[in-house]
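The primary structure of each chain is shown beneath.
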Amino acid sequence: MPLVAGVDSSTQSCKVVVRDAETGALVRQGRAPHPDGTEVDPSAWWSALQTAIDAAGGLTDVAAVSVGGQQHGMVCLDEAGEVIRPALLWNDTRSAGAAAELIQEAGEGQAGRRFWADAVGLVPVASFTVTKLRWLARNEPANAARVAAVCLPHDWLTWRLAGAPGLDALRTDRSDASGTGYWSPATGEYRLDLLEQALGRVVRVPTVLGPTEAAGYLAPAVLSGPAGSGSGAALLGPGAGDNAAAGFGVGARPGDVVVSIGTSGTVFSVADAPAADPSGIVAGFADVTGRFLPLVCTLNAARVLDAAAAMLGVGLDELADLALATPPGADGLVMVPYLEGERTPNRPDATGAVHGLTLRTSTPGHLARAAVEGMLCALADGLDALAAQGATVRRVILVGGGARSAAVRRIAPQVFGCPVVVPPPGEYVADGAARQAAWLALGTGEPPSWTPSGTEEYAAEPVPGIRERYAQARERHLDRLTQG
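Okay, so let's go over this structure. None of these values were measured; they are calculated from a predicted model.

**Digging into the pattern of salt bridges**
Where side chains of opposite charge bring their charged atoms close, a pairing between them can arise.
In step 1: Applying the stated criterion to the full structure yields 26 salt bridges.
In step 2: Here R467 makes a salt bridge to D381, at a shortest N to O gap of 3.3 Å. With R467 in helix α15 (residues 466-483) and D381 in helix α12 (residues 364-388), the pair connects residues that are 86 residues apart, well separated along the chain.
In step 3: We classify R467 as partly exposed; its relative accessible area is 23%.
In step 4: Given the relative accessible area of 15%, D381 is considered buried.
In step 5: Notably, a salt bridge pairs R409 with E456, separated by 3.2 Å at the nearest N-O pair. Of this pair, R409 sits in helix α13 (residues 406-416) while E456 sits in strand β24 (residues 456-458), placing them 47 residues apart in sequence.
In step 6: Through salt bridges that share partners, E39, R85, D92, R94 and E140 make up one connected network.

The structure is reproduced here in structure tokens:
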């Protein structure tokens, strides 16, 4: 019964799971918090990883380890392998101006956006590493001059687990490389010309590994406590970006769309062909299996439910009961849930709105139903964007904190119009990393098939009118915002 470990080094915390490589059964787990902020000294991730591994009972008995991590963050190293400055995270927006510069330099208007979409499958926004490198070059030239290598959070942690054996030993995977803005999922090659355009010169970047290529071996002396007493024989997997790891963790296949309802919302699918969307709505990432992972992100997801519950003075369970006791479509009450601006569509200054308020719809149940339907309709807009890029949508896999709402689970098939599968709550990113580690450890041609118990399935129940009324309200609202 070989064991494997999966790590999720997210923005908020580090989670470690140890699972049976063949069945996926959970053996033990641990976690530790990360500091707040949009820039973080990577040493904090390393300390948290040590603590989480020790809390999980160490790694002395595992055959392989793999790290999933937050995407896009910029970790800059000097020639000695030392971190030059705190890492800029995906949610650090100071490079928004740099993103606009890079697009404009590629061509005026739509031409610049098309150039980037064709080159690397995405259009620069502040999240992506390439924009952070431009920001560094413009604002911290002394630090920029010291950069010998640039990598991502999960790359750096994997390298540290291997004992930090030198800059040439940095390794990454397709999924995380595809979020940098200087690696092409379509060609499988770096665009070092784009890295040079951003930073002003070419520096070392991690070697991109295939799905079952090892990044090295766990160094026995790199961790303290129980984790540091192993033999060093454990393989290190190539790792993954968090969304790709989560998709792998829930067993997403071609034709599946994963809808994750957390603080923000993500909608992504497993595809056989790369995406190139010049609008920037769909980011053309890669997955961990050799396929592709087109993705749409929304800013408003589970917080919409939190806000509605707060307005009504109820808990989330009662909010769900109120929504389910109200007819589909909420008798015409529609919520446009842009409570924190919105990314899809790209309206960062947008506000939310409620349309169709009458004496009949002025009840807690109608507002609860409108909030759930509005949030799901906004995510369904992301589903439409994926379909427009050629994605096949056979079923939706619903995950994240918002999926725990009974109303969300029951109403989703009515809004999405396709079957919905809800896996049991879990650490999907760490689970995906563990499954990747198992694939490597077992040496099988196909990844191990882990089937979690407790999965719920809901048949498609499309309700005519919900999406149409939402689209009308959304467009009227956005028109009003445009007109001031």
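**Side note on the packing of aromatic side chains**
How two aromatic rings sit relative to each other is given by the distance of their centres and the angle of their planes.
In step 1: Taken as a whole and assessed by the stated rule, the structure comprises five aromatic pairs.
In step 2: Here W45 and W156 contribute two aromatic rings whose centre-to-centre distance is 6.5 Å and whose plane-to-plane angle is 70°, an arrangement assigned as edge-to-face. Separated by 111 residues along the polypeptide, W45 in helix α1 (residues 42-55) and W156 in helix α6 (residues 153-161) bring together distant segments of the chain. Pair check on accessibility: W45 and W156 agree, each one buried.

**Quick notes on the layout of surface pockets**
In step 1: One number sums up the size of the second largest pocket: a volume of about 810 Å³.
In step 2: Along its surface, the second largest pocket is lined by 38 residues, and G249, V250, G251, R435 and W450 are the ones closest to its centre.
In step 3: Counting only elements with at least two residues in the lining of the second largest pocket, the list comes to α9 (242-249), β22 (395-399) and α14 (428-442).

**Topic: empty space enclosed by the protein**
In step 1: One pass over the full model with this rule turns up four cavities of 30 Å³ or more.
In step 2: Considering only enclosed or pocket space, the largest cavity measures out at about 80 Å³ in volume.
In step 3: Lining the largest cavity are G329, L333, V334, M335, A370, E373, G374, C377, G465, I466, R469 and Y470.
In step 4: Among the secondary structure elements, those contributing two or more residues to the lining of the largest cavity are β20 (334-336), α12 and α15.
In step 5: When residues of the lining of the largest cavity are assigned to their parent elements, the largest contribution, four residues, is made by α12.
In step 6: Split into classes, the residues belonging to the lining of the largest cavity amount to seven nonpolar, three polar and two charged.
In step 7: Along the walls of the second largest cavity sit V150, C151, L152, D155, T172, A177, T180, Y182, Y190, V205 and P206, which together make up its complete lining.
In step 8: Considering only residue class, the lining of the second largest cavity consists of eight nonpolar, two polar and one charged.

About the cut-offs
Residues numbered from 1 in each chain as written. Predicted model: local features only at pLDDT ≥ 70, side-chain atom pairs only at ≥ 80, totals over all residues. Heavy atoms only, no water. Salt bridge = Lys/Arg side-chain N within 4 Å of Asp/Glu carboxyl O. Helix = DSSP H or I, 4+ residues; strand = E, 2+ residues; numbered from the N terminus. Buried < 20%, exposed > 50% of the residue type's maximum accessible area, 1.4 Å probe, protein only. Phe/Tyr/Trp six-rings, centres within 6.5 Å; stacked < 30°, edge-to-face > 60°. 1 Å grid on protein atoms, 1.4 Å probe; cavity = no way out; pocket = protein on both sides within 12 Å on 5 of 7 lines; lining within 4 Å. Points joined across faces, edges and corners; volume = space filled by probe spheres on them. Nonpolar A, V, L, I, M, F, W, Y, C, P; charged D, E, K, R; others polar.

The values are spatial; any link to function lies outside them.
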